[in-house]
Amino acid sequence: MFVRSRTPSSWNSRRLYSTGLTNAVRTSEQDSRWPGWQVVIGLEVHAQIKSREKLFSQTWSSDSGSAPNSHVSPYDAAFPGTLPRLNPACVDLALRAAIALKSDVQLRSTFDRKHYFYPDLPAGYQITQRYNPLARGGHLFLPQSDATVRIEQIQLEQDTGKTVFESRRRLSSIDLNRAGTALMEVVSRPDLRSAEQAGEYVRSLQAVLRSVGASDGNMEQGSLRCDVNVSVNRVGQPPGTRCEIKNLNSIRFMMVAIGFEAHRQIALLDAGQSVQQETRGFNEDTGETLALRSKEEAPDYRYMPDPNLPPLLLRPEYINSIRNEMPALANEVREHLILCGLTQQDIDVLMVVDSGSEIGFDGQRSQGAIAYFEALSEGRNPKIVVNWIIHELLGQLSLRKKLFHENPISLQQMGGLIDMVQGGNVTGSSGKLLLRHMLDYPSSRHPEELARELSLLAVREDGSLEELCLQVIADMPEEATAVRRGNPNVINKLLGRIIKSSKGTADAKSVRQTLQKLLSSP
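Residues numbered from 1 in each chain as written. Predicted model: local features only at pLDDT ≥ 70, side-chain atom pairs only at ≥ 80, totals over all residues. Heavy atoms only, no water.

Would you explain the overall build of the protein chain in this entry?
What the protein chain contains, in helices and strands, is 16 helices and 17 strands. Buried residues in the protein chain amount to 50% of all 522 residues. Counting contacts in the protein chain only where the partners sit at least 6 residues apart, residues at least 24 apart contribute 70% of the total. (Helix = DSSP H or I, 4+ residues; strand = E, 2+ residues; numbered from the N terminus. Buried < 20%, exposed > 50% of the residue type's maximum accessible area, 1.4 Å probe, protein only. Contact = heavy atoms within 4.5 Å.)

See the structure below:
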């Protein structure tokens, strides 16, 4: 028999349960919102793997703009006689996530059929890895909580289709674009103790998945969804009966759902009633959870090994090759940037910008702000480079309502601009004008060529600068006399006139020195 025996409904029978809750997150903590009670939370996060093709077919994965049922193969629609073929790219990306989460990758994993009926599940079962997953164990550190959440397992599975209800026609339509899309389910242990910690956990997991290119983690587009298991108990008592809240696609909604569910269960227990183990939904309009059905256990799903898929066997050297080719993780990037001399504020800005960068298919990433900075910093002062990126480039892109991946200025152009300013070929103000021109009129032309065409090249410390200073002194005799009589502050008026006359091409420091030399001479 492939069916496991039915188990009790409390946390200590669930696959998420473990003994020895010694981690800081798992200790009993008093919360003023429910004094005397402890909330126990475990998460099952379903992240869509960013693969070009689906998990078991060669059909391309769809996006939010795809027409309904335009990315469906006969296998996705469960036509008789069609067979699954595992996409190795999905395995590679899931391995990246497992390695990043310090999980123990299994050399042998298997696929199971999980049977249930939904109109948008044409086969009548979902292929998953409940009993022999791709990876077991692992952990994720939460910096704000200064605590670690343990990972139970990471498994590959198929996504279902989507049912769309048309209220005007009172009809439900089935869209199978998403059917068969690759998912990885990251199951945590019940180590979280508040909605805030759950929110930090999901945000941290999103960052990890994005940093290794395994998933874009976009909850708004349905690329990451959460099932939340919540139970309450008196402080010092064993965990109570859990309820599962399904398909939460927003961190804010997840936190609201946890808070409501905790209060609901506490109110039941205070009234002498029991909490029924059940699956619940979340009403986004009212902020309340609602009962959907009694909670199924393993026998209800009639799990069985998939007869069409052999075990997935991995060699240690293959796992090591994935580990060696992985992108740097967020904490490693932060440490590297600190060594470059960047402040925490600079690092935070670059990492926030990178968190919104485009995640390509099959692990390919577009160049983000950090890679842009690192390339520009080669042979240049990192602090000067980061100032140009953060204060000038990002600011101008923001004014134009553009994301960083829409930046039209190449590394060669940006590097040339910085070198021209540092070399004195253009002034800082002229460099900023040149940057704006390059954003407004994108081209492949070198900044020096553009600066010459726009008359932005700096006035050199030669006869031209001195001639400009003499002309302004002649135009402003009273100010020049005041400076000669010992009022040095008036020189700023002369300097401002010269900068204005040169349209910003005269360097202020050079102008001041030239004025002082001319006005000190008899």
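I would appreciate a short explanation of the sheet that holds strand β4 (residues 112-115) in the present structure.
Hydrogen bonds between backbone atoms are what pair the strands of a sheet, whose relative direction is either parallel or antiparallel. Pairing in this open sheet of three strands is antiparallel, and the strands run β5-β4-β16 from one edge to the other. Each edge of the open sheet is held by one strand with a lone partner, namely β5 (125-128) and β16 (304-305). Alignment of β4 against β5, held across four bridges, turns out to be antiparallel. From the neighbouring strand, H115 faces β5, where its bridge partner is Y125. (Pairing = 2+ DSSP bridges.)

I tried to follow the nonpolar core on my own but got confused; where do I start?
The nonpolar side chains of a soluble globular protein tend to be buried, and buried together. If you look at the biggest cluster of nonpolar residues, it comprises 69 residues, and the most contacted ones within it are L43, Y201, V202 and M254. Here this core gets nine residues from one element, more than from any other, and that element is helix α1 (residues 88-100). With sequence-adjacent residues up to four places away left out, L43 is seen in contact with V186, V187, S188, L192, A198, Y201, V202, D227, V228 and M254. (Core = buried A, V, L, I, M, F, W, Y, C linked by side-chain atoms within 4.5 Å.)

Looking at this structure, how should I read the packing of helix α2 (residues 195-211) against helix α3 (residues 251-270)?
The relative placement of two packed helices comes down to the angle between their axes together with the axis-to-axis distance. In contact at an axis separation of 9 Å, α2 and α3 are set at 155 degrees when each is read in the N-to-C sense. For the element pair α2 / α3, the angle class is roughly antiparallel. Relative to α3, α2 is oriented so that their crossing is right-handed. Residue-level contacts link A195, E196, A198, G199, V202, R203 and Q206 of α2 to I251, M254, M255 and I258 of α3. Its residues assigned to classes, the contact of α2 with α3 shows seven nonpolar, two polar and two charged. (Axes fitted to C-alpha atoms, helices over the stretch in contact; angles between N-to-C directions. Parallel < 35°, antiparallel > 145°, perpendicular 65-115°, else oblique. Left-handed = near helix turned anticlockwise from the far one by under 90°. Nonpolar A, V, L, I, M, F, W, Y, C, P; charged D, E, K, R; others polar.)

Even after reading the chapter, I still don't get α3, so can you show me in this structure?
Each α-helix turn comprises 3.6 residues. Residues three or four places apart therefore point the same way. Taking 1.5 Å per residue as the helical rise, α3 with its 20 residues ought to reach 28 Å, and the 29 Å between its terminal C-alpha atoms agrees with that figure. Those residues of α3 not exposed but buried are I251, F253, M254, A257, I258, G259, E261, A262, R264, Q265 and I266. The elements touched by buried residues of α3 are β1 (37-48), α2, β12 (224-234), β13 (243-248), β14 (278-283) and β15 (288-294). Backbone nitrogen of R252 and a side-chain oxygen of the N-cap are separated by 3.2 Å at the start of α3; the cap is S250. (Expected span 1.5 Å × (residues − 1). Polar contact = N/O pair within 3.5 Å; in protein donor to acceptor, adjacent residues only side chain to side chain.)

I keep staring at the pairing of strand β9 (residues 162-166) and nothing clicks. Help me out?
Regular strands place their side chains on alternate faces of the sheet. Two strands pair when backbone bridges link them, and β9 and strand β10 (residues 171-175) are joined in this way by five bridges, in the antiparallel orientation. Bridge assignment links T163 to a residue of β10, and that residue is I174.

Can you walk me through the pattern of salt bridges in this structure?
In a structure, side chains of opposite charge can pair up when their charged atoms sit close to one another. One pass over the structure, following the stated rule, counts 25 salt bridges. With a shortest N-O distance of 2.8 Å, D191 and R150 are connected by a salt bridge. Taken together, the positions of D191 in the loop between β11 (182-188) and α2 and R150 in strand β8 (residues 147-158) put the pair 41 residues apart, joining distant regions of the chain. Between D227 and K246 there is a salt bridge whose closest N-O contact spans 3.1 Å. One end of the pair, D227, is in strand β12; the other, K246, is in strand β13, with 19 residues separating them in the sequence. Residue K246 is classed as partly exposed on the basis of its relative accessible area, which comes to 21%. (Salt bridge = Lys/Arg side-chain N within 4 Å of Asp/Glu carboxyl O.)

What's the story with the packing of aromatic side chains in this structure? I'm lost.
Aromatic rings considered in pairs are described by the distance between their centres and by the relative angle of their planes. As enumerated under the stated definition, the model contains seven aromatic pairs in all. Ring geometry for Y301 against Y303: centres 6.0 Å apart, planes inclined by 70 degrees, an arrangement best described as edge-to-face. Taking the centre distance of 5.3 Å and the plane angle of 85 degrees together, the rings of Y372 and F404 count as edge-to-face. Within this pair, whereas Y372 is found in helix α8 (residues 369-377), its partner F404 is found in the loop between α9 (382-399) and α10 (411-422), the two being separated by 32 residues in sequence. We classify Y372 as buried; its relative accessible area is 2%. Between K114 and the ring centre of Y301, over which it is positioned, the NZ or CZ distance is 4.4 Å. (Phe/Tyr/Trp six-rings, centres within 6.5 Å; stacked < 30°, edge-to-face > 60°. Lys NZ or Arg CZ within 6 Å of the ring centre and 35° of its normal.)

Is there a simple way to think about the side chain of H115 in this case?
Within the secondary structure, H115 is located in strand β4. From its side chain, H115 meets the backbone oxygen of R302 in a polar contact 2.9 Å long. Residues within four places of H115 in sequence aside, it is in contact with G124, Y125, D300, Y301, R302 and M304.

Where do I start with unusual backbone geometry in this structure?
Glycine aside, the phi torsion of most residues is negative, and most peptide linkages are trans. Unusually for a residue other than glycine, R302 sits at a positive phi of about 50 degrees. Turning to its location among the elements, R302 is positioned in the loop between α4 (298-301) and β16. Here the phi dihedral of D362 falls at roughly 55 degrees; this positive angle occurs in a residue that is not glycine. Relative to the assigned elements, D362 resides in the loop between α7 (344-355) and α8. When its relative accessible area of 33% is taken as the criterion, D362 is described as partly exposed.

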